[in-house]
Amino acid sequence: NPADPCRIVSGIGASPGLAIGPVHVLGPTEVAVPDEPEPLTSGGDRLHAALERTAAQLKALADDTGRRLGQADAGIIKAQSDLIADTDLITLACQLMVEGHGVAYAWQQAVERMAGRLSALGNPVLAARAADLRDVGRRVLAQIDPALQSGHALPDRPCILLAPDLAPSDTAGLDPARVLGLATAQGGPTSHTAILARTLGIPSVVAAGAALLALPAGATAILDGTTGRLYLDPSERDLAAARAWRDALRATQEEEARERGLPARTRDGHAVAIGANVNTPDQVPFALAQGAEGIGLMRTEFLFLERGDTPGEDDQYATYRAMLEALDGRPLIVRALDIGGDKQVPHLALPKEENPFLGVRGARLLLRRPDLMEPQLRALYRAARDCVSAGAPAGKDAPLSIMFPMITSVPEVAALREACERIRTEIGAPEVPLGIMIEVPAAAIQADALAAHCDFFSIGTNDLTQYALAIDRQNTELAPEADSLHPAVLRLVRMTCEGAARHGRFVGVCGGIAGDPFGAGLLAGLGVHELSMTPRDLPAVK
Ligand code: PEP
Ligand code: MG
């Protein structure tokens, strides 16, 4: 708290940390859309083309967000693409065009009406969807007519950004070197903008009210993203205290950065292996620089999600090989395709399921679709074989392991192992460790039985939490309760470690909680041997 009186604007803390700098107020982004009627066919064609270009633009942004921030954040952008594919919305826009309105005007009216209906329901989840719809609607408008572009220009020097609200796609594009902090008049702590700000590490306050926008541009402020407060024109004494606190925070982060290359060892000498969750070879150097000792989870479904078709065996081989080469002898755990649930691949045109998380997902799909599983296994075993002959130390296999997602039973493991062994012998590849993910309570509970049939476990706490607590991992309303440190989840982790220990098996955790310093300590205490996380989380955990 400040020692001297100063003006305080209060909101809700949305992303922790302290920012000190001049404020910059962003104006509203509304543009006036003139109603310029045109023939129906050419209007329809323009709308269709604009929707297609926007979808392509969002896909590129989602790919970039996925690479920079992670797939969970990319999902926010991907969900926006679905909003413009909504048939009700498109029908409404077409109807307005039939009534004689111009395409840009008709589109904007349709978006406003649909968004207005959603916000009027008073449900925070639907209100967030309305904000997303307006955001994506603006993108389409700019594609219909570039003159209708509504953009923000940022000042040259670093600032604390104040805005009515900020669209998720605008937030994803913010540069933390230029935006020291962010405060919005509207929004909520679980909004997509808040989630993205947290991932970017930008201290943020939301729901600070309209008074925020009346603050004088250029005035110095302290933004505290933990308490949700903005202090305007603080005294020199308070500025000095805030700087000292910010510097202490930075010093901790710098110390973490300095020590990130050291082995992760507890004070009593117990070592824990530290891996990164990385999907593409170009992400490996950053992960290693952050202190990763290997890759504990390569999610291969992103090879499928990021393109419009199925990568063939040779394409996959090239990627796995490049991954092994980038790792230069460090371990790599590749997860076989985990399609289904939240990872839908449109071009596979799989049957629609009522409850995809409880449906044909992960290993269940692999066992039903040898056309998907076998090319992947062949590509993996070829990479293992060729990397050995390409100069691994004598007697040492390529450091590749394969694991299977969504396992619930011993027969599944037996069937998968059989497929692996058949393909391995055909290819003449060395044996590689075969593991399974523990993501379903059924697998954790019978870990001792499963451990007899596989070489290692990797606990997927994201799914284990959703299945143990019956909370859809995508439900924003219940997100605060989806706690991977819930006692029930921790008991399942303990059972997994105990089951593995009976057969001397290795246990890793590759779910989000492995990247939380407090969670990581608990997991290590429960007997986990390896923690694998997004590269950004590595220094603090180590
Ligand atoms: C998990 O479920 O914890 C996991 C690591 O897998 P994903 O998040 O890809 O489902
Ligand atoms: Mg999972």
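A brief report on the enclosed structure follows. (Residues numbered from 1 in each chain as written. Chains lettered and ligands numbered in written order. Predicted model: local features only at pLDDT ≥ 70, side-chain atom pairs only at ≥ 80, totals over all residues. Heavy atoms only, no water.)

Here we come to the coordination of the magnesium ion (ligand 2). Around the magnesium ion (ligand 2), the protein contributes the donor atoms E439 (OE) and D463 (OD), at 2.0 Å from the metal centre. Within this pair, whereas E439 is found in the loop between β13 (434–438) and α15 (441–445), its partner D463 is found in helix α17 (residues 461–469), the two being separated by 24 residues in sequence. D463 matches E439 in its accessibility class, with the two residues each being buried. (Donors = N, O, S within 2.8 Å, 3.2 Å for Na, K, Ca; no water. Helix = DSSP H or I, 4+ residues; strand = E, 2+ residues; numbered from the N terminus. Buried < 20%, exposed > 50% of the residue type's maximum accessible area, 1.4 Å probe, protein only.)

Sheet architecture is closed into a barrel: eight strands sit in the order β9-β10-β11-β12-β13-β14-β15-β16, paired in parallel fashion. With direction set aside, neighbouring strand axes in the sheet form an average angle of 25 degrees. Bridge analysis of strand β12 (residues 400–404) against β13 gives three bridges, and the strand direction is parallel. Each residue of the ladder has a partner; that of M403, found in β13, is G435. (Pairing = 2+ DSSP bridges. Axes fitted to C-alpha atoms, helices over the stretch in contact; angles between N-to-C directions.)

Here the focus is unusual backbone geometry. The phi torsion at D328 lies on the positive side, around 50 degrees, for a residue other than glycine. Of note, D328 is situated in the loop between α11 (313–327) and β11 (332–335). Residue class for D328 comes out exposed when judged on its relative accessible area of 64%.

Contacts to ligand 1 come from 15 residues, most closely from R299, R335, G460, N462 and R473. The separation between an oxygen atom of ligand 1 and a polar side-chain atom of R299 is 2.7 Å. Between ligand 1 and D463 there is a distance of 2.9 Å, counted from an oxygen atom to a side-chain nitrogen or oxygen. Contact with the protein chains covers 99% of the free accessible surface of ligand 1, which is 290 Å². Contributions of two or more residues to the shell around ligand 1 are made by β10 (295–299) and α17. With three residues, α17 is the largest single contributor of residues to the shell around ligand 1. Taken together, the residues that form the shell around ligand 1 break down as three nonpolar, four polar and eight charged. (Near = heavy atom within 4 Å. Polar contact = N/O pair within 3.5 Å; in protein donor to acceptor, adjacent residues only side chain to side chain. Areas by Shrake-Rupley, 256 points an atom, 1.4 Å probe, with all protein chains shown as cover. Nonpolar A, V, L, I, M, F, W, Y, C, P; charged D, E, K, R; others polar.)

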